[in-house]
Amino acid sequence: MVTGAGGSIGSELCRQLARFTPKLLIFWEMSEYGLYLIETEFRDNYPAIAFESVIGDVKSKSRVTEILYKYQPNLILHAAAYKHVPLMESGNVREAFNNNVYGTLNLARVAKSMSVENFILISTDKAVNPSNYMGKSKLISEIIVNQFSKLNKTNFSIVRFGNVLN
């Protein structure tokens, strides 16, 4: 399962996962258009890959529970995040925290309760000594995942991506 599957990072993760021919790849996306684009790309370019598309918001604990219960993923790549610093800093700080912190907390809690094998948070280099609210929200999400890594048999991990275009 890839959360944020229609975004720039999530969609690339899906492309990379296709190389391993997963039994089922679950695209989780809040944006209908983003989900449509990754679906279309996979239908056209990866016809042998079985996938399911899920519209949902990781901030909704009931939706997270419903989807994880339905699909029982063994791997979650959590890439759903607000990441554009200027946009998040200009009047959208609360939304950055709601999505990046509480969305991660919801997903981690349910993944733990369902004993998902592997949970990988996709973070950012902006979480290192953050100088802005978006970076702070990602750092807090890292702290959450780090704390969950100490609590149960789910393997909780974090990777930080650098600011790279194309």
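Residues numbered from 1 in each chain as written. Predicted model: local features only at pLDDT ≥ 70, side-chain atom pairs only at ≥ 80, totals over all residues. Heavy atoms only, no water.

Novice: What am I meant to see in the sheet that holds strand S5 (residues 118–124) here?
Specialist: Two modes of strand pairing occur in sheets, parallel and antiparallel, and in both the strands are linked by backbone hydrogen bonds. Ordered in space as S3-S2-S1-S4-S5-S6, the 6 strands form an open sheet in which the pairing is parallel. Bordering the open sheet on either side are strand S3 (51–55) and strand S6 (155–161), each of which pairs with just one other strand. As paired strands, strand S1 (residues 2–3) and strand S4 (residues 75–78) are joined by 2 bridges and run parallel to one another. By the bridge assignment for S4, Thr3 is matched with His78. Relative to the sheet, helix H6 (residues 133–148) contacts S5 and S6, its axis offset from that of S5 by approximately 155°. (Pairing = 2+ DSSP bridges. Helix = DSSP H or I, 4+ residues; strand = E, 2+ residues; numbered from the N terminus. Contact = heavy atoms within 4.5 Å. Axes fitted to C-alpha atoms, helices over the stretch in contact; angles between N-to-C directions.)

Novice: For this particular structure, what's the right way to read the pattern of salt bridges?
Specialist: Note that side chains of opposite charge can pair when their charged atoms are close. Under the defined criterion, the tally for this structure stands at 6 salt bridges. A salt bridge links Arg15 to Glu41; its shortest N-O distance comes to 2.5 Å. With Arg15 in helix H1 (residues 8–18) and Glu41 in helix H2 (residues 32–45), this pair connects stretches of sequence that are 26 residues apart. The closest approach of N and O atoms between Arg160 and Glu142, which form a salt bridge, is 2.7 Å. One end of the pair, Arg160, is in strand S6; the other, Glu142, is in helix H6, and 18 residues separate them in sequence. What makes Glu142 buried here is its relative accessible area of 7%. (Salt bridge = Lys/Arg side-chain N within 4 Å of Asp/Glu carboxyl O. Buried < 20%, exposed > 50% of the residue type's maximum accessible area, 1.4 Å probe, protein only.)

Novice: Hey, could you run me through the packing of aromatic side chains in this one?
Specialist: Describing an aromatic ring pair means giving the distance of the ring centres and the angle of the ring planes. Taken as a whole and judged by the stated rule, the model has 7 aromatic pairs. Each ring, one from Phe119 and one from Phe156, has its centre 5.1 Å from the other, and the planes form 45°; the classification is tilted. Taken together, the positions of Phe119 in strand S5 and Phe156 in strand S6 put the pair 37 residues apart, joining distant regions of the chain. Exposure remark for Phe119: the relative accessible area of 0% places this residue in the buried category. Three or more aromatic residues link up through ring pairs in this structure, and these residues are Phe27, Phe42, Tyr46 and Phe51. In this structure, Lys136 packs its charged tip against the face of Tyr133, placed 5.2 Å from the ring centre. (Phe/Tyr/Trp six-rings, centres within 6.5 Å; stacked < 30°, edge-to-face > 60°. Lys NZ or Arg CZ within 6 Å of the ring centre and 35° of its normal.)

Novice: How do you make sense of the nonpolar core when you look at a structure like this?
Specialist: With 24 residues, the main nonpolar core has Met1, Trp28, Val64, Leu68, Ile76 and Phe119 as its most contacted residues. Elements supplying a minimum of two residues to this core: strand S2 (25–29), helix H3 (61–71), helix H5 (93–113), S5 and H6. The biggest single contributor to this core is H5, with 6 residues. Here Leu68 is in contact with Met1, Pro73, Ile76, Leu107, Val110, Ala111 and Met114, once residues within four sequence places are set aside. By size, the runner-up hydrophobic cluster in this structure holds 15 residues, among which are Ala5, Leu25, Leu35 and Phe42. (Core = buried A, V, L, I, M, F, W, Y, C linked by side-chain atoms within 4.5 Å.)

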